[in-house]
Structures are given as structure tokens and as C-alpha cells.
Amino acid sequence: MAKKSFCNVGFIGCGHLMNAQHIQNAHKSNICEVHTLCDIEPSALKSTAAKYPPKKTTADYKTLLADPEVDLVVIAMHPKMHAQLTLEALHMGKPVYVEKPLGVTVEEALEVDRLAKKMGLQVAVGFNRRFAPAYLDVKPLLKKREGPLLIYYRIAYHVRNERPDTTLLHVECCHIFDILTWLVEAEPVSIYATEGLRNDNTVALKFADGTSCV
């Protein structure tokens, strides 16, 4: 029986994360179709298309965004490109799933938020920790607390940085900021970060409800 397609997905970027997660998941899905793959690197585009055959391939993301057959755009590029590509997709009337971080500055993220609301389109950022079963089990327990929490969250991250031109705060620790905000149900009011030797970095957060986290 042929797979019934409900959502044609266009993917901007054919790197490791896209192959290991998003494109593979869409390829296996019963409700998504790998419609268009886009990458400026010919070898990446060719190898990805061989594993997950799309309807179309292109090296020009603008061609993907202009295609009326594409219902949803998934973006996983260098962090500095995420906000720009998301804005362009929204202007073309496409909802977006974009990998974290949404932007490398607060201003970029707020610009995306404003445009998404104006266009009436959804933008989802790849923060997946809050959907993990372990966190879903923990959150109801935290709701029973009386008063603020003291949280110590340690990350065993042995790779110095997969992208030397970005920071671990952008590519990994933003996951932890998101999950803490979700668990505590309060916004951070202050953040302090310091870099130690090798990969021993420390971030201290204070939340509006008095919760402290290191």
C-alpha cells in the first residue's frame, strides 16, 4: 500500500543532525513526505537523497521556499542562519520547525516571534527535553513543592564543541535553559556564566519564584 502523504516537508540542510533525526523521521512517518532536500554541498545532498529519496532536490533554499507544494519547512543549519531562514520561510507563508537555537541574539528571536504572530504561522524550536518520559515523570513531583527549588544540573558533554565557531551555550546548554524554565514554570531573572578549564563551564540562574539553579 502506498504511503499516504498529508504534509510535504522541505528540509534546509542535509547535515548529520538532519540525517540522524528529522529527515529519517519524516521518511518513516505515515503523515509526512520528504518532499524537497536542500543543501549547497553536492555530496551531502546526493548521499542524503540516496538514503531518503525526495520528490525534489535543490541547492537554492529560495527555490524550496517558493514551492507551493511544500507545506512545512525544517531548518537545521549553522545557528547564525536559523533566524534569517525562518523569517524568509514565514514571509513565504510556510510554518517552520527550526533547530535550536532560534537565533544567536534575543533581538533575532523576538523578530521571528513578532512575524510568526503577524502571519498567523507556527514556529517550533527543537527543544525536545520536555517531551522525554523521565522529565514528564518528574514534573508532577515538582508541582507538589512548597517554596523555591535549589537545582544542580550537571552535563557530561565530552566533545569540546562540534562547531568551533559557536559556543556550547548556543548548541547544547540552551536545551537546559528550556527544560528548567518548563520544569520550574517561571522565567529566569538573572543569568551568570563563567568558563573554566577544558570543558568545565558553570552557569548560575535565578528564577522569578526564587528558584536557583547551577
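Residues numbered from 1 in each chain as written. Predicted model: local features only at pLDDT ≥ 70, side-chain atom pairs only at ≥ 80, totals over all residues. Heavy atoms only, no water.

S.K.: Before we move on, can you summarise the overall build of the chain with the specific residues and values?
M.R.: Across its full length, the chain carries seven helices and ten strands. Looking at the chain as a whole, 40% of its 214 residues qualify as buried. Put simply, of all contacts in the chain between residues at least 6 apart along the chain, 59% involve residues at least 24 apart. When the accessible surface of the chain is split by element, carbon and sulfur atoms take 59% of a total near 12700 Å². (Helix = DSSP H or I, 4+ residues; strand = E, 2+ residues; numbered from the N terminus. Buried < 20%, exposed > 50% of the residue type's maximum accessible area, 1.4 Å probe, protein only. Contact = heavy atoms within 4.5 Å. Areas by Shrake-Rupley, 256 points an atom, 1.4 Å probe, with all protein chains shown as cover.)

S.K.: Can you tell me about helix α2 (residues 42–51), naming the residues and giving the values?
M.R.: Those residues of α2 not exposed but buried are Ala44, Leu45, Thr48 and Ala49. For α2, the angular spread of buried residues about the axis comes to 125°, placing them on one side. When the buried face of α2 is taken as reference, the exposed residues oriented beyond 90 degrees from it are Pro42, Lys46 and Ala50. (Arc of directions from axis to C-beta.)

S.K.: I'd like a description of the sheet that holds strand β2 (residues 32–38), backed by residues and values.
M.R.: Spatially, the six strands line up as an open sheet ordered β3-β2-β1-β4-β5-β6, and their pairing is parallel. Among the strands making up the open sheet, the edge pair consists of β3 (56–58) and β6 (123–125). Put simply, the sheet's adjacent strands are angled 20° from each other on average, direction ignored. Strand contacts of α2: β2 and β3, with the helix running at about 160° to β2, the strand carrying the most contacts. (Pairing = 2+ DSSP bridges. Axes fitted to C-alpha atoms, helices over the stretch in contact; angles between N-to-C directions.)

S.K.: Talk me through the nonpolar core; I want residue IDs and the actual numbers.
M.R.: Ile12, Tyr61, Leu64, Leu65, Val73, Ile75 and Val112 are the most contacted members of the largest nonpolar core, which has 19 residues in total. Among the elements that make up this core, the one with the highest residue count is helix α4 (residues 79–91) (five residues). Aside from chain neighbours lying at most four places away, what touches Leu64 is Gly10, Phe11, Ile12, Thr36, Cys38, Thr58, Val70 and Val73. Of all hydrophobic cores here, the second largest spans 16 residues; its members include Met18, Val34, Ala49 and Tyr52. (Core = buried A, V, L, I, M, F, W, Y, C linked by side-chain atoms within 4.5 Å.)

S.K.: Let's hear about the pattern of salt bridges: which residues, and what values?
M.R.: A full pass over the atoms with the stated rule returns eight salt bridges. Across the pair Asp178 and Arg130 runs a salt bridge whose closest N-O atoms are separated by 2.7 Å. You can see Asp178 sitting in helix α7 (residues 168–184) and its partner Arg130 sitting in the loop between β6 and α6 (133–142), a full 48 residues away along the chain. Under the relative-accessibility criterion, Asp178 is labelled buried at 13%. Arg145 is the salt-bridge partner of Asp209, the closest N and O atoms lying 2.8 Å from each other. Of the two residues, Asp209 is situated in the loop between β9 (201–207) and β10 (212–213) and Arg145 in the loop between α6 and β7 (150–151); the sequence distance between them amounts to 64 residues. For Asp209, a relative accessible area of 28% gives the class partly exposed. Via salt bridges that share partners, Lys56, Asp67 and Glu69 belong to a single interconnected network. (Salt bridge = Lys/Arg side-chain N within 4 Å of Asp/Glu carboxyl O.)

S.K.: Pulling in residues and values, what's your account of the pairing of strand β1 (residues 7–12)?
M.R.: Of all six residues in β1, six are buried, a share of seventy percent or more. The alternating pattern of β1 places Cys7, Val9 and Phe11 on one face and Asn8, Gly10 and Ile12 on the opposite face, and all of these are buried. This β-α-β element, β1 to helix α1 (residues 16–28) to β2, shows right-handed connectivity. For β1 and strand β4 (residues 72–75), the ladder comprises four bridges, and the chain directions are parallel. Each residue of the ladder has a partner; that of Ile12, found in β4, is Ile75. (Right-handed = clockwise from strand over helix to strand, strands pointing away.)

S.K.: Lay out the environment of Cys7 with the relevant residues and their values.
M.R.: With respect to the helices and strands, Cys7 occurs in strand β1. Sequence separation of Cys7 and Val34 is 27 residues, and the distance between their C-alpha atoms is 8.8 Å. Discounting chain neighbours no more than four positions away, the residues touching Cys7 are Ile31, Cys32, Glu33, Asp71 and Leu72.

S.K.: So what about the sheet that holds strand β8 (residues 188–195)? Which residues, and what values?
M.R.: Strand order in the open sheet formed by four strands is β7-β10-β9-β8, with mixed pairing between adjacent strands. Taken across any chain shown, the strands that pair with only one partner, and hence form the sheet edges, are β7 and β8. With two bridges joining them, β7 and β10 adopt parallel strand pairing. Across the sheet, the residue bridging to Leu150 is Ser212, located in β10. Against the sheet, α7 engages β7, β8, β9 and β10, with an angle of about 30° to β9.

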